[in-house]
Amino acid sequence: MYLCPTYFLAVLFCVGTMFCWGSWGNAQKLVNKKWRYELFYWDYVVGVLATALLFAFTLGSNGEFGRPFLEDMKQASCSALMWAIAGGVVFNIANILLVSAIDIAGLSVAFPVGIGLALVLGVIWNFLAAPAASGNATLLFLGVALIALAIILSAVSYRKRDAERAENVDVSKKTGKGLFLSLLCGLLMSLFYFFVARSLALVQNGDVLGPVTLANLSVEGAVLESGKLTAYTANVFFAIGVFLSNCVVMPILMRKPLVGEPVEKGAFWKGAFRDHFWGWIGGFIWAIGMTLNVIASGVASAAVAYGLGQGATLMSAIWGVFIWREFKGASKGVKNILAAMFLFFVVGLALIIWTKLGADEPAPEPEAQAIETVVEEAVSDDAVPEFDALMESETEIDVEEAPAL
């Protein structure tokens, strides 16, 4: 299977996750306005499952190290599979709440509040599960604190925007409902990655367990922990959890929706190809981000990978503010708050990236260690005075008689 070789590449993967998780919601904007989000969501979950299977049978089944997808699935324990499926179930319920919040409040609010809260709590859960692998805790939580501040500013800008636009219309109920659904989404969303991480295998070398990195698996005798899952297998069963829970939850919501009137029976089969297509694309984009993130987590740690991936809040705010123009016509005061929000997001994400820089530097090679020893001897207390004397001497020195440095 393919493994992420370096922390730098892991960060790039997480940036890819950030883009995917912050952009898939645009697909919902591109369907027919009469196409309900409940109908869109059926195609979305199909796209998530299909994409997870695609990666499992390609990147997850080829390569020198690790277990191929089918082999990994055969050796998996029931508990590992259930953790991955549980992650999918929790995510799906949270995501349905998020899509409802998008319908009510818009991308630039639902994502920052819902997914931003999930970022704060999710980093905490994943850090507590593996604190030693998460890098510099001070930088990690300082970054999370700045992003939390950005979330608050996002909510403030939303309320101010609605207050400015409200003429004779009472928007307080709409505002409250949108924010409530976003907050509930964030609470649930913070747990899904923690569940998936519980299913992932570590590298076992004798009695020692370590993260799934190319360096660790390259060591003679090192193998993947038995009973647990590779990132690709966990991703598939996560997607299965998403799909199965949708088959239970969505029919209920179609009869008793969170937003609007009940969905007409048989409406899904009456949709145009364009409407179904954008649902598949939305799932495809999100699942690419998930795959990149679980691959990166072996090198970056679950806390850092999840934290960076949930920088999707920044990406979604960019889409909502600059592309969909959700704050068009807002006052200068609201725009200043948005500018501060973006600044705190960027600085917070930079601090999260910094948490692991230099934390996992490889040990020097034997040759490099030998050179380092020679250099240390050369600048020892005995050698330095002789070197100083040579530097101050005005006479010509015979190289063969010079001290060995």
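Residues numbered from 1 in each chain as written. Predicted model: local features only at pLDDT ≥ 70, side-chain atom pairs only at ≥ 80, totals over all residues. Heavy atoms only, no water.

**Considering empty space enclosed by the protein**
Stated formally: For cavity detection a 1 Å grid was placed over the protein atoms alone, and a set of points counts as a cavity when a 1.4 Å probe fits there but cannot get out; an open set counts as a pocket when protein lies on both sides within 12 Å along at least five of seven lines, with lining residues being those that have an atom within 4 Å of a point. Grid points are joined across faces, edges and corners, and a volume is the space filled by probe spheres set on the points. Put simply, DSSP H or I for four residues or longer makes a helix, DSSP E for two residues or longer makes a strand, and each gets a number counted from the N terminus. Throughout this entry, Asp, Glu, Lys and Arg are counted as charged residues, while Ala, Val, Leu, Ile, Met, Phe, Trp, Tyr, Cys and Pro are counted as nonpolar. The remaining residues, Gly among them, count as polar.
Scanning the entire structure with this criterion turns up one cavity of 30 Å³ or more. What lines the largest cavity is a set of twelve residues, and nearest its centre among them are Trp21, Trp24, Ile115, Trp286 and Gln310. Those elements giving two or more residues to the lining of the largest cavity turn out to be helix H5 (78-105), helix H6 (107-129) and helix H8 (172-199). Examining the composition of the lining of the largest cavity, we find that three residues originate from one element, H5, more than from any other. Here the residues of the lining of the largest cavity sort into ten nonpolar, two polar and no charged.

**Some details on a nonpolar patch on the surface**
How we decide: Exposure above 30% relative accessible area and no salt bridge define the residues that can form patches, which grow by joining like charges within 9 Å and nonpolar side chains of Val, Leu, Ile, Met, Phe, Trp and Tyr within 5 Å. Calculation of accessible area relied on Shrake-Rupley with a 1.4 Å probe; when residues are assessed, cover is drawn exclusively from the protein chains displayed. Should a side-chain nitrogen of Lys or Arg be within 4 Å of a carboxyl oxygen of Asp or Glu, the pair is scored as a salt bridge.
A contiguous nonpolar surface patch, about 380 Å² in accessible area, is contributed by Val46, Phe273, Phe277 and Trp280. When residues of the nonpolar patch are assigned to their parent elements, the largest contribution, three residues, is made by helix H11 (residues 273-300). By secondary structure assignment, the location of Val46 is in helix H3 (residues 37-57).

**Structural notes on H3**
So the rule is basically this: The length a helix should cover is 1.5 Å for every residue beyond the first. Buried means the residue's accessible area, taken with a 1.4 Å probe over protein chains only, is under 20% of the maximum for its type, while exposed means over 50%, and partly exposed covers the values in between.
If you check H3, its first and last C-alpha atoms are 30 Å apart, about what 21 residues at 1.5 Å a residue would give, namely 30 Å. Taking burial as the measure, the 21 residues of H3 include 16 buried ones, the bulk of the element.

**Some thoughts on the nonpolar core**
The criterion, for reference: Throughout this description, the term nonpolar core refers to a set of buried Ala, Val, Leu, Ile, Met, Phe, Trp, Tyr and Cys residues connected via side-chain atoms within 4.5 Å. Note on contacts: a residue pair qualifies if any of its non-hydrogen atoms lie within 4.5 Å across the two residues.
If you look at the biggest cluster of nonpolar residues, it comprises 116 residues, and the most contacted ones within it are Tyr44, Met189, Phe192 and Trp286. When residues in this core are grouped by element, the largest group, 14 residues, is from H5. Discounting chain neighbours no more than four positions away, the residues touching Tyr44 are Trp24, Phe91, Asn95, Gly279, Gly282, Gly283 and Trp286. Counting residues in hydrophobic clusters, the runner-up holds five residues, among them Val113, Ala155, Tyr158 and Leu179.

**Concerning the layout of surface pockets**
The space that makes up the largest pocket amounts to roughly 1,100 Å³. Those elements giving two or more residues to the lining of the largest pocket turn out to be H6, H8, strand E2 (208-210), helix H9 (214-218), helix H10 (231-255), H11 and helix H12 (302-309). When its residues are assigned to classes, the lining of the largest pocket shows 33 nonpolar, twelve polar and five charged.

**Considering the pattern of salt bridges**
For the structure shown, the criterion picks out four salt bridges. The salt bridge partner of Lys270 is Glu264, with a shortest N-O separation of 2.9 Å. Across the pair, Glu264 and Lys270 agree in class, each one exposed.

**Here's the deal with H11**
Along its 28 residues, H11 runs 40 Å from first to last C-alpha, staying within 8% of the 40 Å computed at 1.5 Å per residue. At the exit of H11 stands Ser301, carrying a positive phi of roughly 85°.

**Focus: unusual backbone geometry**
For Ser301, which is not glycine, the phi torsion reads 85° and is therefore positive. Summarising the element assignment, Ser301 is placed in the loop between H11 and H12. Positive phi, close to 55°, is recorded for Arg325, a residue that is not glycine. Here Arg325 is to be found in the loop between helix H13 (312-323) and helix H14 (332-354). Residue classification places Arg325 among the partly exposed positions, given a relative accessible area of 47%.

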